[in-house]
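Secondary and tertiary structure notes
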Amino acid sequence: MKRIVILISGRGSNMAAILDSNLPIEIAAVISNRGDSAGLEIARSRKLPAFSIEHKDYALREDFDSALAMKIDEFSPDFVILAGFMRILGIDFVKRYSGRLVNIHPSLLPSFPGTKTHRKALEEGVKIHGCTVHFVTEKLDHGAIIIQAAVPVLEDDDEESLAARVLEQEHRIYPQAIRWLVEGRINREGNRVLLGGKSGGALVSPEIEPR
Ligand code: GAR
């Protein structure tokens, strides 16, 4: 069974969706950069090894990254899953886990990298918004896209209602992406992710049909 380390920063709802998805994985550890993350409590309630490495304890980003990598490497994971992990990771960290490090982002990348994605989507007046699971590269919120889900932006949406509609889809596509990863079905040709040799991987919600 593939070993997974999940990195979180807060609520942990994507982590919980992964735990609830009956995936053929072993969650080796959950690590947060904040000791008060609700997600750590969820992990502990499920008897998973859960740790915090406080980013505030490190003056230098590289030192935090090194401490995090040392902890991760104790568990020899096949994949490192960023699930609402809100720290920018440095180039050495990203290189160390290249091809094994994936993230979920609450927008249809490459639109709206960074934070406050739902606000930006509303401000720009887009009609379609969504979420993306992608491999992590040194460029923030960039990297080969594994799966995306789209949702409509409705006229009476505010940030909260839009975020909730997107989050529902996040909870569907992240477990799906991890399933493909651990089943070894993901191949890459440059920036394109190919599933079992077939092109594609992006699925439009609400009808997500696993292939
Ligand atoms: C999710 O919406 C996730 O996509 C986002 O943070 C939220 C975490 O929620 N991640 C990012 O913005 C990363 N740039 P969760 O802790 O309930 O999974």
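You'll find the structure just up there.
Structure report, in brief. Model, not experiment: these values are computed from the prediction. (Residues numbered from 1 in each chain as written. Predicted model: local features only at pLDDT ≥ 70, side-chain atom pairs only at ≥ 80, totals over all residues. Heavy atoms only, no water.)

Description of the pairing of strand S1 (residues 2-8)
On a regular strand, one side chain projects to one face of the sheet and the next to the other, so that they alternate. Of all 7 residues in S1, 5 are buried, a share of seventy percent or more. Of the strand pairs in this sheet, S1 and strand S4 (residues 79-82) are connected by 4 bridges, and their pairing is parallel. Note on S4: the bridge partner recorded for Ile 6 is Ile 81. (Buried < 20%, exposed > 50% of the residue type's maximum accessible area, 1.4 Å probe, protein only. Helix = DSSP H or I, 4+ residues; strand = E, 2+ residues; numbered from the N terminus. Pairing = 2+ DSSP bridges.)

What to know about the environment of Val 5
With respect to the helices and strands, Val 5 occurs in strand S1. Distance in space between the C-alpha atoms of Val 5 and Val 80 is 5.0 Å, their sequence separation being 75 residues. Residues within four places of Val 5 in sequence aside, it is in contact with Ala 28, Ala 29, Ile 31, Ile 72, Phe 75, Pro 77, Phe 79, Val 80 and Ile 81. (Contact = heavy atoms within 4.5 Å.)

Side note on the side chain of His 105
Within the secondary structure layout, His 105 lies in strand S5 (residues 101-105). For His 105, a relative accessible area of 3% corresponds to the buried category. Polar contacts involving the side chain of His 105 include one to the main-chain carbonyl oxygen of Phe 112, which spans 2.8 Å. Non-local contacts of His 105, meaning those with residues more than four positions away in its chain, are made with Phe 112, Pro 113, Gly 114, Thr 117, Cys 131, Thr 132, His 134 and Asp 141. (Polar contact = N/O pair within 3.5 Å; in protein donor to acceptor, adjacent residues only side chain to side chain.)

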